[in-house]
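One-letter residues, chain by chain:
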Amino acid sequence: MMQPGAPLLGGLAAVAIMDGMGVMDGGGGVGFAGVPSTQTNPAANQYPSFSDPELSALQSRIVQQHASFASIAESQLSMAASNGCALDEETRWVLAYGMKAADYYKAMAAVVAQTGHTVEAVEAVLVEGVCKNGKPEGAFTAVTRFTTSSQVSNVRTTTTDRRRVTGTMRNGKPTGELVSSNKQQSQSNMSVQLPVYNMYTVRTYKNGDPAGKEMTMAFISGGGSGPMITTTIVRHLAPNHQAVMSYTGNMPATESTMVDGQLHGWMIVHPVEYIAGHRSPGSRECYQYGQKAPASACGSPTS
């Protein structure tokens, strides 16, 4: 079941993380919203350590990005500075969530079925740069708003993800780095405070497709729990083929591979101490194109 305030990281990483944390099928670990504030593990608010210098450099960049952005987020996320460019629907989706609408609904099918998850609005305005045929052409800055709602039992939650995106598009395709800073907030019909997510992503495009390594870090606060940092690394192995690794604080949390927007291969959930001294259960599940499959279909797990 989806936890109120569960993170939507954007792109395919979100799908893998939500499934691994038990969002899609009710299994797996403990959601952030359910951790008592007095018992949250301090390790959940620390950074993972990487031997890969590229990942270490990405981490340092994002930490600095958070330090400069968080205090001025509201002014940076205003859509009032639109330069009047009418962005087309596909571009609004790619900038606001990191994928096209058809890919999103395919990847989120299980969440939609379980929670009545609904996309209420996908908005994007260009605040710097020029547009051509409904898409930015050249260097640009955009501000977006992605609003969804869902219902689990009698709890209805509305989530708004606002982001500021900078990058370059040529002939309708992103090229080079696309960097986003976003703030995600949720409200429910229950009298509970939900977490606030300040999230940052650095992604590189080549020939219009994501390539290489991308990183998303979420700095989570509020919601009745202590502060938490999550890190998600996506390795783009080929077009529409990704390996995803996530951390809660400095603790490995999930590993998975995605093909065409669906889990394909081992989905590994590592035991994590969301509450100090109490480890969540780990698990390994084999998937083939989004469906659970016998372990023989995936071969030997790497972890």
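Everything quoted here is computed from the prediction, not taken from an experiment.

> Even after reading the chapter, I still don't get unusual backbone geometry, so can you show me in this structure?
Of all residues except glycine, most have a negative phi; of all peptide bonds, most are trans. Here S153, not a glycine, exhibits a phi torsion of approximately 60 degrees, which is positive. Checked against the element boundaries, S153 lands in the loop between β2 (135–152) and β3 (155–170). In this structure, N171 takes a positive phi of about 55 degrees despite not being glycine.

> Where do I start with the nonpolar core in this structure?
Core analysis: the biggest nonpolar cluster contains 17 residues, and F50, L55, I62, M215, M217, F219 and I233 have the highest contact counts within it. Secondary-structure elements contributing two or more residues to this core are α2 (53–69), β6 (195–206), β7 (209–222), β8 (228–238) and β9 (241–248). With four residues, α2 is the largest single contributor of residues to this core. The residues contacting I62, other than those within four sequence positions of it, are Y200, V202, M215, M217 and F219.

> Is there a simple way to explain the state of the cysteines in this structure?
Put plainly, a disulfide is one covalent bond tying together the sulfur atoms of two cysteines. Taken as a whole and judged by the stated rule, the model has two disulfides. Disulfide partner of C85: C131, at an S-S distance of 2.2 Å. Between C85 and C131, the S-S dihedral sits near 130 degrees, and the bridge is therefore right-handed. Here C85 is found in the loop between α3 (73–76) and α4 (89–97), whereas its partner C131 is found in strand β1 (residues 118–132), with 46 residues between them in sequence. Accessibility expressed as a relative area gives 34% for C131, which makes it partly exposed. Put simply, C286 and C298 are joined by a disulfide, and their sulfur atoms are 2.0 Å apart. The disulfide joining C286 to C298 has a torsion of about 85 degrees about its S-S bond and is therefore right-handed. In this pair, C286 is assigned in strand β13 (residues 283–288) and C298 in the segment after β14 (291–293), connecting sequence segments 12 residues apart.

What counts, and at which threshold
All residue numbers here refer to positions counted from 1 along the written sequence of the relevant chain. With pLDDT at 70 or above as the cut-off, local features in this predicted model cover only qualifying residues; side-chain atom pairs require 80 or more to be listed or tallied, and sums for whole chains, interfaces and linings still use all residues. Water and hydrogen atoms play no part in the side-chain values, which are based on all heavy atoms of the structure. Secondary structure is summarised from DSSP: a helix means a run of H or I of at least four residues, a strand means a run of E of at least two, and numbering begins at the N terminus for each. Here the nonpolar core consists of buried residues drawn from Ala, Val, Leu, Ile, Met, Phe, Trp, Tyr and Cys, with membership extended through side-chain atoms lying within 4.5 Å. Relative accessible area decides the class of each residue, using a 1.4 Å probe on protein chains only: under 20% of the type maximum gives buried, over 50% gives exposed, and in between gives partly exposed. Here a residue-residue contact requires only that any non-hydrogen atoms of the pair lie within 4.5 Å. Pairs of cysteine sulfur atoms within 2.5 Å are identified as disulfides in what follows.

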